[in-house]
Amino acid sequence: MEINPQLERISFLIGTWRGHGRGVYPTIEAFEYDEEIDLAPLGPKPMLRYSQSTWMPGTRDPLHSEIGYVRPVGTDAAELIIAQPTGITEIHTGTIIERRIEFRTVSVERAPSAKEVLSVERRIEVHEGRLTYELFMGAVGQPHQLHLEATLEKSK
Ligand code: HEM
């Protein structure tokens, strides 16, 4: 199927990506994870559907997962909407710089029992079939800082 022309600016994200990441935060032990990310056009609409799953390295024991949508805005911006099973939702605006997008939350909402997360920043880039990202957050009383970094290869 032809992709919606409005998706062209972010078409570098489209694909199934598999790889490995590591996580840190001052309040927890550092950890590693295997990850799969799927980004696909939502039929003919000008949005990408995003889904992500992570596992303990080398196993299928689930860790974090999330789903959402990427919405291009004009030629150099995009919005990102994400829901997490931990009771957190993120709404981001982002700037597209070549094959990189820098997203920062305009809103984080939490279910009453969710942990405190006040800000999230996601920097994603794709070069030569490799997707890398960094995620920063201000959470549980800590200043905004790195929580995750990962590298994934395109698998389809
Ligand atoms: C690849 C995705 C992610 C993985 C594998 C991951 C993994 C982990 C692990 C293993 C912990 C420590 C144990 C625990 O509290 O469950 C943790 C803590 C935490 N994560 Fe993540 N996480 C991911 C994404 C996120 C995202 C997107 C957010 C928020 C937007 C987030 C927010 C937190 C918070 C608030 C804590 C608790 C820190 C504390 O209580 O001291 N995580 N994460």
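A brief report on the enclosed structure follows. It should be emphasised that the depicted structure is a prediction, and the values quoted were computed from it without experimental measurement. (Residues numbered from 1 in each chain as written. Predicted model: local features only at pLDDT ≥ 70, side-chain atom pairs only at ≥ 80, totals over all residues. Heavy atoms only, no water.)

## Regarding the overall build of the protein chain
Link 1 in the chain: What the protein chain contains, in helices and strands, is zero helices and ten strands.
Link 2 in the chain: For the protein chain, the sequential pattern of α-helices and β-strands runs β-β-β-β-β-β-β-β-β-β.
Link 3 in the chain: Dimensions of the protein chain, computed from C-alpha atoms along their principal axes, come out at roughly 45 × 35 × 25 Å.
Link 4 in the chain: Residues classed as buried in the protein chain amount to 37% of the 156 residues present. (Helix = DSSP H or I, 4+ residues; strand = E, 2+ residues; numbered from the N terminus. Buried < 20%, exposed > 50% of the residue type's maximum accessible area, 1.4 Å probe, protein only.)

## Describing the nonpolar core
Link 1 in the chain: Ile10, Leu13, Leu39, Leu48, Val70 and Tyr133 are the most contacted members of the largest nonpolar core, which has 34 residues in total.
Link 2 in the chain: Those elements that provide at least two residues to this core are strand E2 (31-41), strand E3 (48-55), strand E5 (77-83), strand E6 (88-97), strand E7 (100-110), strand E8 (117-127), strand E9 (130-139) and strand E10 (145-154).
Link 3 in the chain: Among the elements that make up this core, the one with the highest residue count is E9 (five residues).
Link 4 in the chain: Setting aside anything within four residues of it in sequence, one finds leucine 13 in contact with Leu39, Leu48, Ile101, Ile124 and Val126. (Core = buried A, V, L, I, M, F, W, Y, C linked by side-chain atoms within 4.5 Å. Contact = heavy atoms within 4.5 Å.)

## Description of the coordination of the iron atom of the ligand
Link 1 in the chain: Just one protein ligand coordinates the iron atom of the ligand, and it is His147 (NE2) at 2.3 Å.
Link 2 in the chain: Along the chain, the position of histidine 147 falls in strand E10. (Donors = N, O, S within 2.8 Å, 3.2 Å for Na, K, Ca; no water.)

## Some points on the site of the ligand
Link 1 in the chain: Thr27, Phe31, Glu90, Lys115 and His147 are the nearest of the 21 residues found near the ligand.
Link 2 in the chain: In the environment of the ligand, a nitrogen atom lies 3.1 Å from a nitrogen or oxygen atom belonging to the side chain of histidine 147.
Link 3 in the chain: Contributions of two or more residues to the shell around the ligand are made by E2, E3, strand E4 (62-73), E8, E9 and E10.
Link 4 in the chain: Looking at the shell around the ligand element by element, the count peaks at four residues for E9.
Link 5 in the chain: For the shell around the ligand, the class distribution of residues is eleven nonpolar, six polar and four charged. (Near = heavy atom within 4 Å. Polar contact = N/O pair within 3.5 Å; in protein donor to acceptor, adjacent residues only side chain to side chain. Nonpolar A, V, L, I, M, F, W, Y, C, P; charged D, E, K, R; others polar.)

## Examining the side chain of glutamate 35
Link 1 in the chain: By the element assignment, glutamate 35 lies in strand E2.
Link 2 in the chain: Nearest to the buried, unbridged glutamate 35 among oppositely charged side chains is arginine 122, at 7.0 Å.
Link 3 in the chain: A distance of 2.7 Å separates a polar atom in the side chain of glutamate 35 from a polar atom in the side chain of tyrosine 133.
Link 4 in the chain: When neighbours within four sequence positions are excluded, glutamate 35 is seen to be in contact with Trp17, Arg18, Gly19, Gln52, Ser53, Thr54, Trp55, Tyr133, Ala150 and Leu152. (Lys, Arg positive; Asp, Glu negative; His and termini not counted. Salt bridge = Lys/Arg side-chain N within 4 Å of Asp/Glu carboxyl O.)

## A look at the pairing of E4
Link 1 in the chain: Where E3 meets E4, seven bridges bridge the pair, whose relative direction is antiparallel. Along E4, the bridge assignment pairs tryptophan 55 with proline 62.
Link 2 in the chain: Between E3 and E4, which pair antiparallel one after the other, the connecting turn spans six residues, and glycine 58 there sits at a positive phi close to 75°.
Link 3 in the chain: When E4 meets E5, the two strands line up antiparallel, connected through seven bridges. Following the sheet pairing, arginine 71 is matched in E5 by glutamate 79.
Link 4 in the chain: The hairpin formed by E4 and E5 contains three residues between the paired strands, and glycine 74 there has a positive phi angle of roughly 65°. (Pairing = 2+ DSSP bridges.)

Any link to function would need more than the numbers given here.
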